Amino acid sequence: MSAAYPRDVSRVIAIDGPAGSGKSSVSREVARRLGVQYLDTGAIYRALTWAVLERGVDPTDGGAVLEVAGAVTITSGTDPMNPTITVDGVDVSAPIRGDDVTAAVSAVSAVPEVRARLVALQRERVASATSGIVVEGRDIGTVVLPDAQVKVFLTASPAVRAQRRATQDERERDLVRDVQETESALRARDAFDSSRTVSPLAAAEDAIVLDASNMDFDQVVARIVELVGTVR
Ligand code: DC
């Protein structure tokens, strides 16, 4: 067992899946119910993307992005009730959800050396977890924590994911979105994230694939909590 895992490894829960699958809210609720910590790795890629844009760096210039990655300190708070993310001490939890960051994050997260650096950061955070931890992302079960005891690949049809994303944006950010446009943007980001050479979005061979198209939030959470129960 590598040093990347807290002592109670049965409580390392990897939740991967595409955008809009409900991963974030599900992961936070699972962590809350189990009384463990929570790490949103997408927020880390977004935080770096925010720093890149903030400095006026071209997000498609891999070398320049890597330089920014080496120059900033990204810190994630792991309380599922209040997950925080800072860049050099600045709270970026709101701006990392902006459309400018969302549009640039796939390019930033496709740079292999950038991923290596951020994966190391994620493993450090997991290793310092005092109990268990729910880690959500795209490559957690395949690359970041391949020894995680519970691996879930959470997905849903593009239409369902687009509808959920649009509803969530309207509720949380007062943003009215065209569902069809949202679906095209989701499909484009999925295609990019799934076809990149390093750590493409994919279910681990030993992951449980949960298609949440016809499941509600509570059913998905209950299923994952039940899965965790089976490995205790
Ligand atoms: O989950 P999210 O939408 O906040 O993730 C933002 C982007 O970060 C997503 O387009 C892909 C990338 N990402 C990644 O490459 N690997 C991860 N473990 C998490 C996110």
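The structure contained in this document is the topic of the report that follows. On a predicted model such as this, the values are computed, not experimentally measured, just so you know.

Moving on to the pattern of salt bridges. Counted under the stated rule, the structure contains 13 salt bridges. Taking the shortest distance from any N to any O, the salt bridge between Arg32 and Glu29 comes out at 2.8 Å. Of this pair, Arg32 and Glu29 both sit in helix α1 (residues 23-34), separated by 3 residues, roughly a single helical turn. In this structure, the salt-bridge partner of Arg33 is Asp218, at a minimum N-O distance of 3.9 Å. Of this pair, Arg33 sits in helix α1 while Asp218 sits in helix α9 (residues 217-230), and the two are 185 residues apart along the sequence. Overall, Arg33 belongs to the partly exposed group, its relative accessible area being 43%. A relative accessible area of 47% places Asp218 in the partly exposed class. A cluster of three or more residues bridged by salt bridges with shared partners is formed by Glu29, Arg32, Arg33 and Asp218.

A few words now on the sheet that holds strand β6 (residues 133-137). Ordered by their spatial adjacency, 5 strands build an open sheet running β2-β6-β1-β7-β8, and the pairing between neighbours is parallel. Every other strand in the sheet has two partners, leaving β2 (37-40) and β8 (208-211) as the edge strands with one partner each. The sheet shows a mean angle of 20° between the axes of neighbouring strands, direction not considered. One ladder, built from 4 bridges, connects strand β1 (residues 12-16) with strand β7 (residues 150-155); its direction is parallel. The residue of β7 that forms the bridge with Ile13 is Val150. On the sheet, α1 packs against β1, β2, β6 and β7 and is oriented at approximately 175° with respect to β6.

If you trace the 3 strands from one edge of the open sheet to the other, you get β3-β4-β5, paired in antiparallel fashion. In this open sheet, the two edge strands, each paired with only one partner strand, are β3 (74-76) and β5 (90-91). Across 3 bridges, the pairing between β3 and strand β4 (residues 85-87) is antiparallel. Across the sheet, the residue bridging to Ile74 is Val87, located in β4. Helix α2 (residues 41-54) contacts β3, β4 and β5 of the sheet and is inclined by roughly 30° relative to β4.

Next up on the list: the packing of α1 against α9. Between α1 and α9, the least distance of the axes is 10 Å, while the angle of their chain directions is 50°. Looking at the two axes, α1 sits oblique to α9. Seen along the crossing, α1 lies across α9 with a hand that is right-handed. Across from Ser25, Val26, Glu29, Val30, Arg33 and Leu34 in α1, the residues of α9 making contact are Phe217, Asp218, Val220, Val221, Ile224, Val225 and Val228. Split into classes, the residues belonging to the contact of α1 with α9 amount to 9 nonpolar, 1 polar and 3 charged.

Procedures and definitions
- Residue positions are counted from 1 within each chain, in the order its sequence is given.
- Only residues with pLDDT of at least 70 get local features here, since the model is predicted, and only at 80 or more are side-chain atom pairs given and counted; chain-wide, interface and lining totals rely on the full set of residues.
- Heavy atoms from the whole structure form the basis of all side-chain values; hydrogens and water molecules are not counted.
- Salt bridge, as used here, is a side-chain nitrogen of Lys or Arg placed within 4 Å of a carboxyl oxygen of Asp or Glu.
- What counts as a helix is a DSSP run of H or I of at least four residues, what counts as a strand is a run of E of at least two, and both are numbered from the N terminus.
- Whether a residue is buried, partly exposed or exposed follows from its accessible area with a 1.4 Å probe, protein chains only, as a fraction of its type maximum: under 20%, in between, or over 50%, in that order.
- Each pair of strands is called paired provided DSSP finds at least two bridges between the two strands.
- To obtain each axis, a line is fitted to C-alpha atoms, and for helices this fit is confined to the stretch in contact; angles are then taken between N-to-C directions over 0 to 180 degrees.
- The contact criterion used is simple: two residues touch if any of their non-hydrogen atoms lie within 4.5 Å.
- Here roughly perpendicular refers to angles of 65 to 115 degrees, roughly parallel to angles under 35, roughly antiparallel to angles over 145, and oblique to all remaining angles.
- We call a crossing left-handed when the near helix sits turned anticlockwise from the far one by less than a right angle, and right-handed when that turn is clockwise.
- Throughout, the ten residues Ala, Val, Leu, Ile, Met, Phe, Trp, Tyr, Cys and Pro are labelled nonpolar, Asp, Glu, Lys and Arg are labelled charged, and all others, Gly among them, are labelled polar.

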